[in-house]
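# Analysis of the macromolecular model
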Amino acid sequence: MRSRKHIAWVLALGLLPGCKGCKQEDAAPADTAPDASAHGSSMRSGVKVPLPDGWSAQVAPDDSFQAGPPGRPVLRVDLRRGQGAQKPSVDDLADRVRGELKGYEVSLDQEEETEGYTLLRITMAPKLADGGLGLQTPGFFGARRLGDDLFLCASLPGASPEDVLEANEACRKIEVQAAPK
């Protein structure tokens, strides 16, 4: 039987379009300082991910941007340059979640879609052999389109319900800033 942590990583890494393994040659590494926090972190020149107070950011070995409370990343963001037109609809995203989580009871807690982003917040619980349900776990998946680029967001295993809400909000507010003159 797969562990809950393994399933959550599979979801975080595989549900969003173009995110099989979430490492592509064209994904730019984040440009963050070790103390990047509350006022946002830059994934690349001109991109700002606004983070809650006390959160820090880092670039993971797979070049993804990860952020969360000290020592505990709960948000993952992957940049897909030139793939903005591939932003999934909320229905597509929900269908992918349901398809990948056939062994789980999935509750769609929040579905939100605009021209610029798609956000899906869920609660999942493994279906047990005796017909019952295991421990519920919150999750979040999102896609933010900025110009021609697509930012894929997901909560990471171990995120609390509050972390998921904060990660959801950070993804929604990713922005491109004008270059300094």
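Notes on the structure in this doc start here. None of these values were measured; they are calculated from a predicted model. Position numbers for residues start from 1 in each chain and track the written sequence from start to end. Where local features are concerned, this predicted model is filtered to residues with pLDDT of at least 70; where side-chain atom pairs are given and counted, the filter is 80 or more; whole-chain, interface and lining totals use all residues. Hydrogens and waters are ignored; side-chain quantities use all the structure's heavy atoms.

### Some words on the pattern of salt bridges
The term salt bridge refers to a pairing of a side-chain nitrogen on Lys or Arg with a carboxyl oxygen on Asp or Glu at a separation within 4 Å. Summed over the entire model, instances satisfying the criterion amount to 8 salt bridges. Among the ionic pairs, Asp62 bridges to Arg76, the shortest N-O distance being 2.7 Å. In this pair, Asp62 sits in the loop between strand S3 (56-59) and strand S4 (65-68) while Arg76 sits in strand S5 (residues 75-80), placing the two residues 14 residues apart along the sequence. Across the pair Lys87 and Glu113 runs a salt bridge, and its minimum N-O distance is 3.9 Å. With a gap of 26 residues between them, Lys87 in the loop between S5 and helix H2 (90-100) and Glu113 in strand S6 (residues 104-113) connect regions that are remote in the sequence. Categorising residues by exposure relies on relative accessible area from a 1.4 Å probe, with only protein chains included: less than 20% of the type maximum marks a residue as buried, more than 50% marks it as exposed, and the intermediate range marks it as partly exposed. For Glu113, a relative accessible area of 40% translates into the label partly exposed. Residues joined by salt bridges that share partners form a network here, namely Glu112, Glu169, Arg172 and Lys173. Going along the chain from the N terminus, every DSSP run of H or I of four or more residues is numbered as a helix, and every run of E of two or more is numbered as a strand.

### What about H2?
Every buried residue of H2 is listed here: Val90, Leu93, Ala94 and Val97. For H2, the angular spread of buried residues about the axis comes to 100°, placing them on one side. By definition, residues are in contact when any of their heavy atoms lie within 4.5 Å. Where H2 is buried, its residues touch S6, strand S7 (117-126) and strand S8 (137-146). The arc under discussion is defined with respect to the helix axis, by the directions toward the C-beta atoms.

### Quick notes on the nonpolar core
Counting residues in hydrophobic clusters, the biggest one holds 23 residues, and the most contacted among them are Leu75, Phe140 and Ile174. At the level of elements, strand S2 (47-49), S4, S5, S7, S8, strand S9 (149-155) and helix H3 (161-172) are the ones that each hand at least two residues to this core. Take this core: its biggest share by element is 4 residues, from H3. What is meant by a nonpolar core is a set of buried Ala, Val, Leu, Ile, Met, Phe, Trp, Tyr and Cys residues, joined one to another through side-chain atoms within 4.5 Å. The next biggest cluster of nonpolar side chains, apart from the first, holds 10 residues, and it includes Val97, Tyr104, Leu120 and Ala154.

### Section: the sheet that holds S7
With respect to topology, 7 strands assemble into an open sheet ordered S3-S4-S5-S9-S8-S7-S6, the strand pairing being antiparallel. Both outer strands of the open sheet, S3 and S6, are each paired with one neighbouring strand and no more. Neighbour to neighbour, the strand axes of the sheet diverge by 20° on average, direction disregarded. As defined by bridge partners, S5 adjoins S9 across 6 bridges and the pair is classed as antiparallel. Opposite Val77, over in S9, you have Cys153 as the bridge partner. The angle between two axes is taken between their N-to-C directions and runs from 0 to 180 degrees, where each axis is a line fitted to C-alpha atoms and a helix contributes only its stretch in contact. H2 contacts S6, S7 and S8 of the sheet and is inclined by roughly 20° relative to S7. Those strands touched by H3 are S5, S6, S7, S8 and S9, and its axis lies near 5° from that of S8. Pairing between two strands requires that DSSP report at least two bridges joining them.

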